[in-house]
Amino acid sequence: MSHTAGIRQTQKLRTRQALLDAALGLLEHQSLSSLGLREVTRAAGVTPTAFYRHFDDTAALGVALVEETLDSLHGMIGATLAETGDSEERLDRSVELIAHHVREQPAHFRFIAREQHGGVTPVREAIAAQLRQFAEEVAAALAEEPQSRGWSQEDLLMLGGLHVDHMVITASALLDAGPDGEQQVAEVARRRLRLVTLGRRHWLDGTDVHQESAKPHP
């Protein structure tokens, strides 16, 4: 790549990021469905023509914000669950991870919380797809643990979904509570995860008995 081409690419990336940052700032006070393209370009200090070099419309910009918010979490959550050691310690670390990200990116997570059930279909679908992927990744990590012996893939996905739902609920609660209430929210989150862990330990209890009783008698 030539020096000139490298400068152009850098400028292009800066403009794209400026549009994302401007939109995120505006979305602190409104929903994506009410966001105007000219509002974004004015806040970013670029022309409307420049917007279309990066995004087809505000929905595409919203999908990019979803990716910016959630992409980095995939590897981190998987790595946390894959760590060796006491399961409760790992669950504690997963709560700390969520709290850290909400603390560092509150505007991003407010955007996700608002648009998860919002009126912009591509963004709502992008969030749902990311959460499904999270559930699959968590299920795959849990499947490697000895406690998962005998579990069906369907049940592992259900458990992964429970962890992801808990992550979303915790993030929303942290946003509502603010810095002063973070410790209390984190403690409730840990207790809920421990309850899920207890249920997991006993999920297969009596399975053989139930299967035998379900068989037709000769």
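This is a predicted model, so every value here is computed, not measured.

Novice: Sorry, what's going on with helix 2 (residues 37–44) here?
Specialist: Note on helix geometry: an α-helix contains 3.6 residues per turn, so any two residues three or four positions apart are oriented the same way. Of all the residues in helix 2, the buried ones are Leu37, Val40, Thr41 and Ala44. All buried residues of helix 2 project into a common sector of 95 degrees when viewed along the axis, lining one side. Facing away from the buried side of helix 2 by more than 90 degrees, the exposed set consists of Arg38 and Arg42. The first or second residue beyond helix 2 is Gly45, which carries a positive phi of 75 degrees.

Novice: In this structure, what is going on with the environment of Ser72? I would like to understand it.
Specialist: Looking at the element boundaries, Ser72 is found in helix 4 (residues 58–82). Expressed as a C-alpha distance, the spacing of Ser72 and His101, which sit 29 residues apart in the sequence, is 9.8 Å.

Novice: Explanation requested: the packing of aromatic side chains in the structure shown.
Specialist: Given two aromatic rings, their pairing is described by the distance between the two centres and the angle made by the two planes. Enumeration according to the criterion identifies three aromatic pairs in this entry. Both rings, one in Phe51 and one in Tyr52, keep their centres 5.6 Å apart while their planes meet at 85 degrees; by these two values the pair is edge-to-face. By relative accessible area, Phe51 is classed as buried at 0%. Tyr52 gets classed as exposed once you look at its relative accessible area, which sits at 51%. Geometrically, the ring pair formed by Trp151 and Trp203 is tilted, given 6.1 Å between the ring centres and 35 degrees between the ring planes. Highlighted residues: Trp151 in the loop between helix 7 (121–143) and helix 8 (153–201) and Trp203 in the loop between helix 8 and helix 9 (207–214), separated in sequence by 52 residues. Each member of the aromatic cluster is reached from another via a ring pair, and the members are Phe51, Tyr52 and Phe55.

Novice: Before we go on, may I ask you to explain the pattern of salt bridges in this structure?
Specialist: If charged atoms from side chains of opposite charge come close, those side chains can pair. Tallied over the entire structure, the rule returns six salt bridges. A salt bridge links Arg110 to Glu28, with the shortest nitrogen-to-oxygen separation between them at 2.8 Å. Placement of the pair is Arg110 in helix 6 (residues 106–115) and Glu28 in the loop between helix 1 (3–26) and helix 2, with a sequence separation of 82 residues. Connected through salt bridges with shared partners, the residues Asp92, Glu187, Arg190 and Arg194 form a single ionic network.

Novice: Please explain the nonpolar core as it appears in this structure.
Specialist: Across soluble globular proteins, nonpolar side chains show a tendency to be buried alongside one another. In terms of nonpolar packing, the biggest core is built from 48 residues, with Leu61, Leu65, Val66, Phe111 and Phe134 touching the most fellow members. Elements with a minimum of two residues in this core: helix 1, helix 2, helix 4, helix 5 (87–104), helix 6, helix 7 and helix 8. Element by element, the count of residues in this core is highest for helix 7, at nine residues. Ignoring sequence-local partners within four residues, the contact set of Leu65 consists of Leu20, Ala23, Leu24, Leu27 and Phe111. Membership of the second largest hydrophobic core comes to five residues, among which are Leu91, Ala186, Ala189 and Leu193.

Novice: What is the right way to read the environment of Leu26 from this model?
Specialist: With respect to the secondary-structure elements, Leu26 resides in helix 1. C-alpha of Leu26 to C-alpha of Gly36: the two residues are 10 residues apart in sequence and 9.8 Å apart in space. The residues touching Leu26, leaving out its near neighbours within four places in the chain, are Leu35, Glu39, Val40 and Ala43.

Basis of the calculations
- Numbering of residues starts from 1 in every chain and runs along the sequence as written.
- Restriction of local features to residues with pLDDT of at least 70 applies here, the model being predicted, together with a cutoff of 80 or more for giving and counting side-chain atom pairs; totals for whole chains, interfaces and linings are based on all residues.
- Calculation of side-chain values draws on the structure's entire complement of heavy atoms; hydrogens and water are dropped beforehand.
- Throughout, exposure labels follow a simple rule: accessible area from a 1.4 Å probe, protein chains only, divided by the maximum for the residue type, with under 20% read as buried, over 50% as exposed, and the rest as partly exposed.
- Segments assigned H or I by DSSP are reported as helices when at least four residues long, segments assigned E as strands when at least two residues long, and all are numbered from the N terminus.
- For this quantity, the arc is that covered by the directions from the helix axis to the C-beta atoms.
- Stacked, edge-to-face and tilted labels apply to pairs of Phe, Tyr and Trp rings (six-membered ring for Trp) whose centres lie within 6.5 Å, assigned for plane angles under 30 degrees, over 60, and everything in between, in that order.
- When a carboxyl oxygen of Asp or Glu is within 4 Å of a side-chain nitrogen of Lys or Arg, the pair counts as a salt bridge.
- Here, nonpolar core means buried Ala, Val, Leu, Ile, Met, Phe, Trp, Tyr and Cys residues that are tied together by side-chain atoms lying within 4.5 Å of each other.
- Here, residues are in contact when the closest pair of their heavy atoms is within 4.5 Å.

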